[in-house]
Amino acid sequence: MVQRLIRVWEFLTYSLWVSPLLFALGGAAFAVGIMAAPQDILRDMFPSLLPGFNEIQAVRGLLETLLATLVTLTTFALSITMVVLTLAAGSLGPRMIRNFMGDNKTQNALGTFVGSILFLITSLMLMGEKPDSAPVPHLAVTVGIALFVISVFVLILFVHHLGRSIVADEVIQRVGKNLEETIQSASNTLTDPIKAAEKAQTTLPDPQDIPRDQAICVASSGYVQGVDYEKICEIAKQTDTRISLVIRAGQHVLIGDIVGRIVPLKDDVAKQAQDNIEQCHADILEAIMIGSHRTAMLDVEFALRQLVEVALRALSPGINDPFTAIAAIYRLGDALPHAMQFRYPVGIWRDDDDEVRLHALMSDFGGMLGAAYDQIRQSATAKPDVLLPMAEILESLMRLAETDHQREVLRTHARMIANAAERDIPEENDRKTVVRAATRVLHHQKPVKNSASEDDA
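Residues numbered from 1 in each chain as written. Predicted model: local features only at pLDDT ≥ 70, side-chain atom pairs only at ≥ 80, totals over all residues. Heavy atoms only, no water.

## A word on the nonpolar core
- Counting 116 residues, the largest nonpolar core has Ile232, Ile243, Leu245, Ile284, Leu369, Ile376 and Leu410 as the members making the most contacts within it.
- The element contributing the most residues to this core is helix α4 (residues 56-91), with eleven residues.
- The residues touching Leu369, leaving out its near neighbours within four places in the chain, are Leu336, Asp374, Leu394, Leu397, Val409, Leu410 and His413. (Core = buried A, V, L, I, M, F, W, Y, C linked by side-chain atoms within 4.5 Å. Buried < 20%, exposed > 50% of the residue type's maximum accessible area, 1.4 Å probe, protein only. Helix = DSSP H or I, 4+ residues; strand = E, 2+ residues; numbered from the N terminus. Contact = heavy atoms within 4.5 Å.)

## Regarding the pattern of salt bridges
- Under the criterion given, the structure shown has 19 salt bridges.
- Asp352 is paired through a salt bridge with Lys237; the nearest N and O atoms lie 3.7 Å apart. Here Asp352 is found in the loop between β7 (346-350) and β8 (356-361), whereas its partner Lys237 is found in helix α9 (residues 229-239), with 115 residues between them in sequence.
- Owing to a relative accessible area of 71%, Asp352 belongs among the exposed residues under this scheme.
- On the basis of relative accessibility, which here comes to 36%, the residue Lys237 falls in the partly exposed class.
- Taking the shortest distance from any N to any O, the salt bridge between Arg407 and Asp404 comes out at 3.1 Å. (Salt bridge = Lys/Arg side-chain N within 4 Å of Asp/Glu carboxyl O.)

## Brief notes about the sheet that holds strand β4 (residues 252-253)
- If you walk across this open sheet you meet the three strands as β4-β2-β6, and the pairing is antiparallel. The sheet terminates laterally at β4 and β6 (288-291), the two strands that pair on one side only.
- Judged from the four bridges that link them, strand β2 (residues 222-227) and β6 form a sheet pairing that is antiparallel. Looking at the pairing, Val224 lines up with Ile290 of β6. (Pairing = 2+ DSSP bridges.)

## Some thoughts on the packing of aromatic side chains
- Counted according to the given criterion, the structure contains two aromatic pairs.
- Between Phe30 and Phe119, the aromatic rings sit 5.6 Å apart at their centres with planes inclined by 40°, giving tilted as the arrangement. Of this pair, Phe30 sits in helix α2 (residues 18-36) while Phe119 sits in helix α6 (residues 104-127), and the two are 89 residues apart along the sequence.
- With a centroid separation of 4.5 Å and an interplanar angle of 10°, the aromatic rings of Tyr229 and Trp349 are classed as stacked. Here Tyr229, found in helix α9, pairs with Trp349, found in strand β7; they are 120 residues apart in sequence, far enough to count as distant. (Phe/Tyr/Trp six-rings, centres within 6.5 Å; stacked < 30°, edge-to-face > 60°.)

## Section: the packing of helix α13 (residues 322-339) against helix α15 (residues 384-400)
- One can describe the packing of α13 onto α15 by two numbers: an axis separation of 10 Å at closest approach and a directional angle of 10°. Here α13 lies roughly parallel to α15, going by the angle between them. Contacts between α13 and α15 involve Pro322, Ile326, Ile329, Tyr330, Gly333, Leu336 and Pro337 from the first element and Asp385, Val386, Pro389, Met390, Glu392, Ile393, Leu397 and Leu400 from the second.
- The residue inventory of the contact of α13 with α15, partitioned by class, reads twelve nonpolar, one polar and two charged. (Axes fitted to C-alpha atoms, helices over the stretch in contact; angles between N-to-C directions. Parallel < 35°, antiparallel > 145°, perpendicular 65-115°, else oblique. Nonpolar A, V, L, I, M, F, W, Y, C, P; charged D, E, K, R; others polar.)

## As for the side chain of Ser363
- When you line up the elements, Ser363 lands in the loop between β8 and α14 (365-379).
- Look past the residues within four positions of Ser363 in its chain and what remains in contact with it is Arg248, Glu301, Phe342, Tyr344 and Met368.

## Looking at the packing of α6 against helix α7 (residues 138-165)
- Viewed as axis vectors pointing N to C, α6 and α7 meet at an angle of 155°, and their least axial separation amounts to 9 Å. It follows from the interaxial angle that α6 and α7 lie roughly antiparallel. Relative to α7, the crossing made by α6 is left-handed. Mapping the contact onto sequence places Lys105, Thr106, Ala109, Leu110, Thr112, Phe113, Ser116, Phe119 and Leu120 in α6 and Ala140, Val143, Gly144, Leu147, Ile150, Ser151, Val154, Leu155, Phe158, His161 and Leu162 in α7.
- A breakdown of the residues in the contact of α6 with α7 according to their chemical character gives 13 nonpolar, six polar and one charged. (Left-handed = near helix turned anticlockwise from the far one by under 90°.)

## Observations regarding the side chain of Ser116
- Mapped onto the fold, Ser116 is located in helix α6.
- The residues touching Ser116, leaving out its near neighbours within four places in the chain, are Leu70, Leu147 and Ser151.

## Looking at unusual backbone geometry
- In this model, Asp240 sits at a positive phi of 55°, which is unusual for a non-glycine residue.
- Tracing the backbone shows Asp240 in the loop between α9 and β3 (241-245).
- Judged by its relative accessible area of 16%, Asp240 falls in the buried class.
- The backbone of Asp354 sits at a positive phi, close to 65°, despite the residue not being glycine.

## Focus: the pairing of β2
- With five of six residues buried, β2 is to be regarded as a mostly interior element.
- Pairing between β2 and β4: two bridges, direction antiparallel. The residue bridging Gly222 from the neighbouring strand is Val253, located in β4.

## Describing the environment of Ala68
- Following the sequence through the fold, Ala68 ends up in helix α4.
- A relative accessible area of 46% means that Ala68 is categorised as partly exposed.
- Sequence spacing of Ala68 and Leu120 is 52 residues, and the spatial spacing of their C-alpha atoms is 9.9 Å.

## What to know about the sheet that holds β3
- Spatially, the five strands line up as an open sheet ordered β1-β5-β3-β8-β7, and their pairing is mixed. Both edges of this open sheet fall to β1 (215-217) and β7, since each of them pairs with a single strand only. The average angle at which neighbouring strand axes cross in this sheet is 20°, direction not considered.
- Alignment of β3 against strand β5 (residues 258-264), held across five bridges, turns out to be antiparallel.

This is the structure:
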């Protein structure tokens, strides 16, 4: 259930229409409240603050003018937004558009314009064709003028924000922050299952070895957007089975692919489980969310690849901006230490009776490091200025590595960087500099605890 709520929340967060819709409803409701208020009493209470209109026709004319101007401002703001999105898609990658659409300042600015427009429209509708002798809605016109002034200043701040938002360093920092939040959120949910699987040295079956009558096959093609592990564990308990999932968030599956296995735990339940296998599979597949695109909140490697895409675009011959690529590499380096909490590629879930009900494939540090480094290294094999910071980050990560497997993964990437430098960098001094940095990773020794630390442990 939590995974589904996260997916819905992500959809709403990265939708450009949600915030303006809420502002629009608020603006209309505010206008209804203002128009229902006793205008004469307010006029007597705040004589110096309310404008001195004596005819309702003058108020109506002013509000119509403000409305037309605000519509023009909103159209201008939307035009600027489309230009920025086009520039971002061309220089930073099309998948960056979702980050601009999910920006709170952009959504709130557009919401301010739309909310002000709905306030003015609702106020004019409530005035209707009132005669000139009708009470003048002084408060409504005062609020309308105030919203117009606010909208003008919001437009200035909006243009300033959009100008800064397409700066590569600003985008990299924002995407990097989202990446760290995604890693931390996944870590809070999955650390205990991963530690339990690491302690038990749990392994998963090969999909080719799963019997057809026990196989869980997907009914549609697409990306695995998320998996509701708690729901699947509950299904396993209800059917007294043990479930193994060989897919994780971010993977692409085709219709009919085997994504898991369901095994009855008791012989006397086997026939019942076999009779209910179709319904059981249907329940499990409902907990495996498949869609046409990957999600950032549930898929750590996708969040990594957003920064990788920025670096790859910068390294392309058409752009050739190594400084942006280096900034993306260093931002990846800031986030990768958090990924070291994913020490094992499997997680296990138990029920209230401490019975193992679910084994599932997890993203691990090796996969995340590969997602962060492989494509950048392949695109920068002849660029020492890009390979060098990659090797330096590997050296820093080596000092933080907690397991032999993590150290071996880091050494593997260091070897590939050294091999790329030996093969493709023509200048000898540049080549030696990169190889020397990679060699330091290869020769790094596991830190030895002193006796005092061992005694404390």
